[in-house]
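# Analysis of the macromolecular model
Each chain is listed here by its residues.
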Amino acid sequence: MRALSPEDRRVWLLIAGITVIAVLFIPFSQMVLGVRYDYTLRTVALGGALLGVVSGVLGCFAVLRRQSLLGDALSHAALPGVAIAFLLAGRELGILLIGAGLASWVGVHFIQSLTQTTRIKQDAAMGIVLAAWFAAGIALLAYIQGRSDASQAGLDTFIFGQAAAIVESDVRLIAIVGLLALMMLGLFWKEFKLITFDAEFAGANGFRVSVLNMALSTLIVVAIVLGLQLAGVILMVGMLIAPGIAARQWTNKLDQMIMLAAVFGAFAGGTGAIISAVDANIPTGPLIIVVAFGLVLVSITFAPGRGLLWQWLRQRRDRKRFAAQTARRDLYRYATNHGSPTTPVPTTFLEGVGGAAARLGLQQLQHLDQAKMQGSAWVLTPAGIEAAHRDEHNRHLWHMYRQYNDELDLPLVPENQQVDIRQLLPKDAVARLEQKLAGGDR
Amino acid sequence: MFGLEQLIIQFLLNFVSVDALNAFLRNPQHTATIVGGLIAVSGALLGSFLLLRGMALTSDAISHTVLLGIVVAFMVMASLFGREPDLSSVWLIVGAAGAGVATVILTEALYRSGLVKQDAALGLAFPLLFALAVILVARYVDDVHLDEDAVMVGEIGVAWADTNSHCLNNCETVTITPTDPRAEFSRQCTNCRNLGISPRDEGAEFVEVCRNCEVYSPAQAWQAGLLRQPPSLVFWPRSITVMAVMTLLTSLFVLLFYKELKLSTFDAGLAAALGFRPTLLNYGLMVMVSLVAVGAFDAVGSILVIAFFIIPPAAAYLLTDRLPRMLLYSALIGVAGTYFGYDLARGSFLGLVQMNDLLAALNALFGLNLPANWDSSISASMVLMIFFFFLLAWIFSPQYGLVSTLLRRRRQTHQFEQQVVLGHIFHHQDRAAESDELVVSTLHQHLRWSPEKTRRLLDQLQARRWVVIAADRVALTPQGQDRVRAFRRTQLARG
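Quick look at the structure, then. Every residue gets a number counted from 1 within its own chain, in the order that chain's sequence is written. Chain labels run from A onward and ligand labels from 1 onward, assigned in the order the entries are written. Totals for whole chains, interfaces and linings use all residues, but because this is a predicted model, local features are given only for residues with pLDDT of at least 70 and pairs of side-chain atoms are given and counted only at 80 or more. As a convention, hydrogens and water are excluded, and side-chain values are obtained from all of the structure's heavy atoms.

Here we come to the overall build of chain A. The helix and strand inventory of chain A stands at 19 helices and three strands. Referenced to the eigenvectors of the C-alpha coordinate spread, the extents of chain A come out at roughly 95 × 55 × 50 Å. Note on classification: 1.4 Å probe, protein chains only; a residue is buried when its accessible area is under 20% of the maximum for its type, exposed when over 50%, partly exposed between these limits. Counting across all 442 residues of chain A, residues that qualify as buried make up 52%. Here the open area of atoms and residues is found with the Shrake-Rupley method and a 1.4 Å probe, where only the protein chains shown may cover a residue. In the structure as shown, chain A presents an accessible area of about 20300 Å², 60% of it carried by carbon and sulfur atoms. Here chain A holds 37 positive side-chain charges and 30 negative ones, and the gap between their average locations is 3 Å. Numbering goes from the N terminus for both helices and strands, where a helix is a DSSP run of H or I of at least four residues and a strand is a run of E of at least two. Positive charges come from Lys and Arg, negative ones from Asp and Glu, while His and the chain ends are left out of the count. A charge is said to be at NZ when it belongs to Lys, at CZ for Arg, at CG for Asp and at CD for Glu.

Pasting the structure below:
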């Protein structure tokens, strides 16, 4: 068996953790929130969770292909299909959904041909389809409502979604169609992965990119259509992309991202449905979106290495780590520009340039005996000047590295001028850089 | 608002009589077209810049999130002042503008974190704000005039009925006090409900209450028959004023900042370098979009307004390369769409096709059972007509249309084929291989075309006197040689 890297372990731990939270959430909601698990709630929660899995998984591709808003356009575009299907065949859920899917599918084609034949960009094309298709749907619904029989009642729940209307057969439909869609995804896994990350490479290697694009968009349409009843056309986009965005923060691997998105989606769908049962006045669809957005917020804040918290901590650490160096550089440059390295530099200048970090850096320098205070100014000590020279030399070596690393065939290292290059490169490489620097290339 | 309406009416009365003005405004189509046209103009002006900046879908996001602003404004108004604001209230507009800015800030914050792409940030931000709005509506403001249909569709068809009355002549406000001889009184039982008894029962106490004691505006007084002389009144639809103000603000914004908008649209970097503050301008643009969205909310609903922002500018973008013309064309397309859209909702497509006939034909042809009477949403029909004009632009645009592109490609293919034949002859003429390469009956093998195609091209070239055919050999005429040389020169010049 393949050894797990720390990142992999983290993802699996996260998945396990969320599963545990989800399981614990059920008794918690019963005891603390006082939710009663009747037939309706069980059905809705199960439907929400299943839908979360399907849309979360397929939404990953929309997110990665930067087509997040395609979901929005296509869910709105489904409406005329619902209306026409109703006019032709009556209120049969399966047929209504097929109509919805066909209308969105025509919308995808329209977007594609519009962007291919004109200079209209994709976002505007999506906006056109969204508005025009939706208007057609509204016009048809208004026309339908003009007729006298009452059977059209509830057709416009597709706009806002109505979770309470979901029955067992709907859940079965979501499960079966969703499973089929996921199986399609598994079948064309390699192809979809390829066109997502490098469509040109896929085209050059003989994959039919436009056909695959269409297939992937069709699968996304399927996810949207399944969700219409629960979330409605407006909120469906959130349901589609939020789990994917949250999952993206935790991993760089597509398979892990998709598994995480499935778990996140299920969590948001299930718990959202349960929480909304606390009060009869809270609609389910919007609450699922709020939970999903909460997951996104948690992910972009706490995701290890990538999250905002980590970014902030790293910045703080770096500021501390490099404060002395930065202050030394500012001192040395100002002093040499105004006479000699031993010229006193006004404190106001240093603090004006460096702010709080400068104060910290100067303290550190004083501690190292590299600078001392003279009234309202600072002066470098001989040790400080020597250190400043070392820094400058290091910077010059970095310049050489940036310019000649190809020519001198040096190993690739991440460029950071504040780090001593000698620690990153082997000795002979540094020697070659020194040689280049001494050779008067500058 | 009221004073502004009076100014407009005074101005209009220079041209038309009071009766004519009232008759004009009472026609639902006129009012709907005016309101829709104003929305179309302001949408077109702002939408053109959004489209060119690649921000077309921002209007989608904002038009959804103004709902949150409206709901919050409703709740604040209801809890602080104990009354509902109407849709032209300043607070509502402030709330909507705030929601628009909040959308942009939330999107930017998500995007700036570097963890979420721009489209995903937008796709996260507005469903969240919209979801919050829906939850708030469902949870706290049950009984407010904010039903879901209005959110989607608006009520442009009844805009003519929601009016302010303006009195011009014989303006007499009537106040009826209890001492007035016209006052009418009725008896009301004061303790019947508390005691649960009927007014006929023993112990019921009564007071005399004046039924008609209030201050009557001239219009109300005339209606109640309190005036002998009819006042001359103008009934002015409120939506027109709201949208007129929005259009005025939008036009002023675009006029005042035209240079800045243009520069930051086409070269944001340069605009920033010259000190034009493109970020600030961007926020200004978003505030304007929110204002128009909230102003249009009542008339066309929050989703269909997107069409007014995106489709007309996209159509104009296919028709011209110049910004002023794009603004003009998109406004015209929007206004035309609203005018003909009203007819479509009432069943007439541009006066060419009657929808009822179409439905009857469909029923007859396919044996369907569609209801035969077409009567539909006005705002949605307006959008459909705008979309129809967009389709026309896409197909027939002289420069970027499908037809002209197709014709151009055809012409280019044709020219290229002619040049291939001419070049082939030029290349092999007067050479050793001539006897092999330039035989008419086998030429198609060298070009790898079908014999018919080769024959057809040779005929065309012969008709132009660029080649001559003699004894199954083809040769260039002097004109043909000039043609090849000219062609080669342009190719060389192109590099």
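Our focus in this paragraph is the nonpolar core. Throughout this description, the term nonpolar core refers to a set of buried Ala, Val, Leu, Ile, Met, Phe, Trp, Tyr and Cys residues connected via side-chain atoms within 4.5 Å. Among the nonpolar cores identified, the biggest contains 217 residues, and Phe110, Ile128 and Phe264 of chain A together with Ile39, Leu46, Ile311 and Phe390 of chain B are the most heavily contacted of them. For this core, the element with the highest residue contribution is helix H13 (residues 278-319) of chain B, accounting for 27 residues. Contacts were defined at the residue level, with two residues in contact if any of their heavy atoms lie within 4.5 Å. Residue contacts for Phe264 of chain A: discarding those within four places in its chain leaves Leu14, Ile18, Pro243, Ala246, Ala247, Trp250, Leu295 and Ser299 of chain A. Among the nonpolar cores identified, the runner-up in size contains 16 residues, and Val421, Trp449, Leu461 and Leu476 of chain B belong to it.

Let us look at the interface of chain A and chain B. Taken together, the contact pairs 59 residues of chain A with 61 residues of chain B. A simple way to read buried area is as the amount of 1.4 Å-probe accessible surface that goes missing from two parts once joined, with both sides added. Of the roughly 5200 Å² buried at the junction of chain A and chain B (both faces included), carbon and sulfur atoms supply 77%. Considering only the surface of chain A that becomes buried against chain B, Arg119, Tyr143 and Phe160 of chain A emerge as the three largest contributors, covering 15% of it. For the side of chain A that touches chain B, the elements supplying multiple residues, two or more each, are helix H3 (70-77), helix H4 (79-89), helix H5 (93-117), helix H6 (122-145), helix H7 (157-160), helix H11 (209-248), helix H13 (284-302) and helix H14 (308-337) of chain A. Among the elements that take part in the side of chain A that touches chain B, H6 of chain A stands out by supplying 17 residues, more than any other. Polar here means any residue other than Ala, Val, Leu, Ile, Met, Phe, Trp, Tyr, Cys and Pro, which are nonpolar, and Asp, Glu, Lys and Arg, which are charged; Gly is therefore polar. Looking at the side of chain A that touches chain B residue by residue, the classes come out as 39 nonpolar, twelve polar and eight charged.

Before going further, it helps to spend a moment on the sheet that holds strand E3 (residues 377-380) of chain A. Strand pairing in a sheet is mediated by backbone hydrogen bonds. Such pairs are either parallel or antiparallel. All names here are of chain A. When DSSP finds two or more bridges between a pair of strands, those strands are recorded as paired. Taking strand neighbours across the sheet as the criterion, the three strands line up as E1-E3-E2 in an open arrangement whose pairing is antiparallel. Taken across any chain shown, the strands that pair with only one partner, and hence form the sheet edges, are strand E1 (345-346) and strand E2 (371-374). Bridging between E1 and E3 involves two bridges; their strand directions are antiparallel. Bridge pairing in E3 places Pro346 opposite Ala377.

With that settled, the discussion passes to a nonpolar patch on the surface. All names here are of chain B. Patches in this entry comprise residues that are over 30% relatively accessible and not in a salt bridge; like charges within 9 Å are linked, as are nonpolar side chains (Val, Leu, Ile, Met, Phe, Trp, Tyr) within 5 Å. One side-chain nitrogen of Lys or Arg within 4 Å of one carboxyl oxygen of Asp or Glu is enough to make a salt bridge. A cluster of nonpolar side chains, contributed by Val72, Val76, Leu80, Phe81, Val90, Trp91 and Val94, occupies part of the molecular surface with about 690 Å² of accessible area. Of all the secondary-structure elements, those providing two or more residues to the nonpolar patch are helix H4 (56-80) and helix H5 (90-112). Tracing the backbone shows Val72 in helix H4. According to the relative accessible area criterion, Val72 is partly exposed, its value standing at 37%.

A word on the pattern of salt bridges. Residue and element names in this part refer to chain B. For the structure on display, the rule yields 19 salt bridges over all chains. The salt bridge involving Asp375 is made with Arg346; its shortest N-O contact spans 2.6 Å. Of this pair, Asp375 sits in the loop between helix H15 (355-366) and helix H16 (378-396) while Arg346 sits in the loop between helix H14 (323-345) and strand E7 (348-349), and the two are 29 residues apart along the sequence. Overall, Asp375 belongs to the partly exposed group, its relative accessible area being 40%. Residue class for Arg346 comes out partly exposed when judged on its relative accessible area of 44%.

Note that Leu402 of chain B resides in helix H17 (residues 402-428). Spatially, the C-alpha atom of Leu402 of chain B lies 47 Å from that of Val72 of chain B, the residues being 330 residues apart in sequence. Other than its neighbours up to four places away in sequence, Leu402 of chain B contacts Thr117 of chain A together with Trp394 and Ile395 of chain B.

Our focus in this paragraph is the side chain of Gln419 of chain B. Position of Gln419 of chain B among the secondary structure elements: in helix H17. The contact partners of Gln419 of chain B, leaving out residues within four places of it in the chain, are Arg483 and Phe487 of chain B.

The next point concerns the environment of Ala303 of chain A. All names here are of chain A. One can find Ala303 in the loop between H13 and H14. Classification of Ala303 by relative accessible area gives buried; the value is 0%. Taking the C-alpha atoms as reference points, Ala303 and Leu365, separated by 62 residues in sequence, lie 35 Å from one another. Among residues more than four places away in sequence, those in contact with Ala303 are Gln249, Trp250, Val298 and Trp310.

A few words on helix H2 (residues 18-26) of chain B. Residue and element names in this part refer to chain B. Listing the buried residues of H2 in full gives Leu21, Asn22 and Leu25. Buried residues of H2, seen end-on, are gathered within an arc of 95° and therefore sit on one face of the element. Residues of H2 that are exposed and point over 90 degrees away from its buried face: Asp19 and Ala23. Residues of H2 that are buried in the fold lie against helix H1 (2-12), helix H3 (28-52), strand E6 (232-237) and helix H10 (238-256). To be clear, the arc concerns the directions from the helix axis to the C-beta atoms.

Positionally, Asp72 of chain A belongs in helix H3. Setting aside its immediate chain neighbours within four residues, Asp72 of chain A contacts Leu130, Val233, Ile234 and Val237 of chain A together with Asp60 and Phe126 of chain B.

Residues and elements named next belong to chain B. Inspection of the sheet shows strand E9 (residues 467-470) paired to strand E10 (residues 473-476) by four bridges, in the antiparallel sense. From the neighbouring strand, Ile469 faces E10, where its bridge partner is Val474. Hairpin connection, E9 to E10: the antiparallel pair is bridged by two residues, and Ala471 has positive phi, about 55°.

The values reported here are purely geometric and, on their own, carry no functional implication.
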